[in-house]
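In case you want the letters, here they are:
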Amino acid sequence: MTFVSRAALAAALALAPVTVSAQDGANPALGFSQGLPPQPEFTPAPSAAPTPAPQPALTPAMPAFPEDTLPTKVSEVPGTWDLSRDGTNRRCVMTLLRDRGTAGQKVNFPAGCRRALPFMGNVAGWLYSEDAVRLVDANVRPVLLFKRRADRRSYAATENGETYSLVPLDIAAMRPPGAETPQAETAAVVAAAPSPMTMAAPPAAEPALAPIPVLSQQAGTYRVDRLRQQGTCRLGLAADGTVRLLPGCRDEGMEVFNPVSWRFADGRMTMVAKRGHSIDFVPNGDGGWRRDPETGVTLVLRRATP
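Worth saying up front: this structure is predicted, and the values here are computed from it rather than measured.

S.K.: Mind showing me how you'd approach the packing of aromatic side chains here?
M.R.: Aromatic ring pairs are described here by two measures, namely the spacing of the ring centres and the angle between the planes. According to the stated counting rule, one finds three aromatic pairs in the structure shown. Where Trp81 meets Tyr155, the ring centres are 5.8 Å apart and the plane angle is 45°; that geometry is what we call tilted. On the criterion of sequence distance, the pair formed by Trp81 in strand β1 (residues 79–85) and Tyr155 in strand β7 (residues 155–159) is long-range, its members being 74 residues apart. Both residues of the pair, Trp81 and Tyr155, belong to the buried class. Between the aromatic rings of Phe119 and Tyr164, the centroid separation amounts to 5.1 Å while the plane-to-plane angle is 80°, which identifies the pairing as edge-to-face. With a gap of 45 residues between them, Phe119 in the loop between α2 (112–116) and β4 (125–129) and Tyr164 in strand β8 (residues 162–171) connect regions that are remote in the sequence. Classification of Tyr164 by relative accessible area gives buried; the value is 8%.

If you want it as structure tokens, here you go:
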């Protein structure tokens, strides 16, 4: 074979397609020939989603309170109530007791109640049924029958053309669950309970909330007026949301209510009692704040002059 022929043959072989069988261990898709070990298929590991940082629990500055403060069963009725004749200063702060008496369940009230509301001389007990409170005499006959108002925060009764209001001041229905449990006992139970997070670091204390500007504007000393009885009590409303009765308070209803905090929102002032129930006030047009809903004896807060 001549040199030219050999060169032509080599060129032809170089240009000829190479056919490799898959049975010989080749990978046609990748062009691997026989003799190379099969390569494992590469599967990328799933990327782990970043764990979101725990968000701190939002603790409201003040608990929300239910609008309906009236009892739904007889066990929620006992406590202190404000009974009054609408449109007058005649009122009586009385206590409906749990104890059974000769005429329903027992009721206590001071002697002044008989002078303010003469029919109280006939009241010997109380009953509760069908969402109504009944004041009864010694023969268990009704003296006044109080039914729920539409606002579901007070009762009303009508007798001889007069309307009477019965407003809860501090009753069992208003008290949060476990209110009578001593705090020291509750703390001991919590401390004794095992926790899987014992080794976790304690959470950092939340920073104190700065006084709200609007709250600061409304803070100050207020006097309590009831219709023609002016300045029966004075309240100190602080910019940090606390309330205290100032010395010389002569309003038994306010003393029983025992306000400890207050808030201001949407043009309404809300005063909260130690037990957790509340009273709302709205502007009355002459610089004061009247109770809303307006039931029983008119209750107005007015800013005290220095």
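S.K.: Help me understand the state of the cysteines, please; the structure alone is not making it clear to me.
M.R.: Note: disulfide means a covalent bond formed between the sulfur atoms of two cysteine side chains. Taken as a whole and assessed by the stated rule, the structure comprises two disulfides. Across a sulfur-sulfur distance of 1.9 Å, Cys92 and Cys113 are joined as a disulfide pair. Handedness here is read from the sign of the S-S torsion; for Cys92 and Cys113, about 85°, the answer is right-handed. Of this pair, Cys92 sits in strand β2 (residues 91–100) while Cys113 sits in helix α2, and the two are 21 residues apart along the sequence. Comparing Cys92 with Cys113 shows no difference in burial state: the two are buried. Each sulfur in the disulfide pair Cys233 and Cys249 lies 2.0 Å from the other. What sets the handedness of the Cys233 and Cys249 disulfide is the S-S torsion sign, and at about -110° it is left-handed. Of this pair, Cys233 sits in strand β10 (residues 229–237) while Cys249 sits in the loop between β11 (243–245) and α5 (252–257); the two residues are 16 residues apart in sequence, bridging distant segments of the chain. When sorted by exposure, Cys233 lands in the same class as Cys249, which is buried. For the chain, the bonded cysteines connect in the pattern 1-2, 3-4 when numbered consecutively along the sequence.

S.K.: Explain unusual backbone geometry here, please?
M.R.: Negative phi characterises most residues that are not glycine, and trans characterises most peptide bonds. The backbone phi angle of Arg152 is positive, close to 60°, even though this residue is not glycine. Here Arg152 is to be found in the loop between β6 (142–148) and β7. Arg152 gets classed as partly exposed once you look at its relative accessible area, which sits at 38%. With a phi close to 55°, Asn258 is a non-glycine residue in the positive phi region.

S.K.: Help me understand the confidence of the model for the chain in this model?
M.R.: Any segment with low pLDDT has predicted coordinates that should not be analysed in fine detail. Residue-level pLDDT values for the chain average 74, and 65% of them are 70 or greater. Mean pLDDT in the chain bottoms out at helix α3 (residues 183–192), which sits at 33, and peaks at strand β5 (residues 132–136), which reaches 96. Contacts for the low-pLDDT stretch residues 18–36, under 50 throughout, to residues beyond four places or in other chains number 11 contacts. Low pLDDT, under 50, characterises residues 180–212; the predicted model gives this stretch eight contacts beyond four residues in sequence or across chains.

Calculation notes
- Residues numbered from 1 in each chain as written.
- Predicted model: local features only at pLDDT ≥ 70, side-chain atom pairs only at ≥ 80, totals over all residues.
- Heavy atoms only, no water.
- Phe/Tyr/Trp six-rings, centres within 6.5 Å; stacked < 30°, edge-to-face > 60°.
- Helix = DSSP H or I, 4+ residues; strand = E, 2+ residues; numbered from the N terminus.
- Buried < 20%, exposed > 50% of the residue type's maximum accessible area, 1.4 Å probe, protein only.
- Disulfide = S-S within 2.5 Å.
- pLDDT = per-residue confidence, 0-100.
- Contact = heavy atoms within 4.5 Å.

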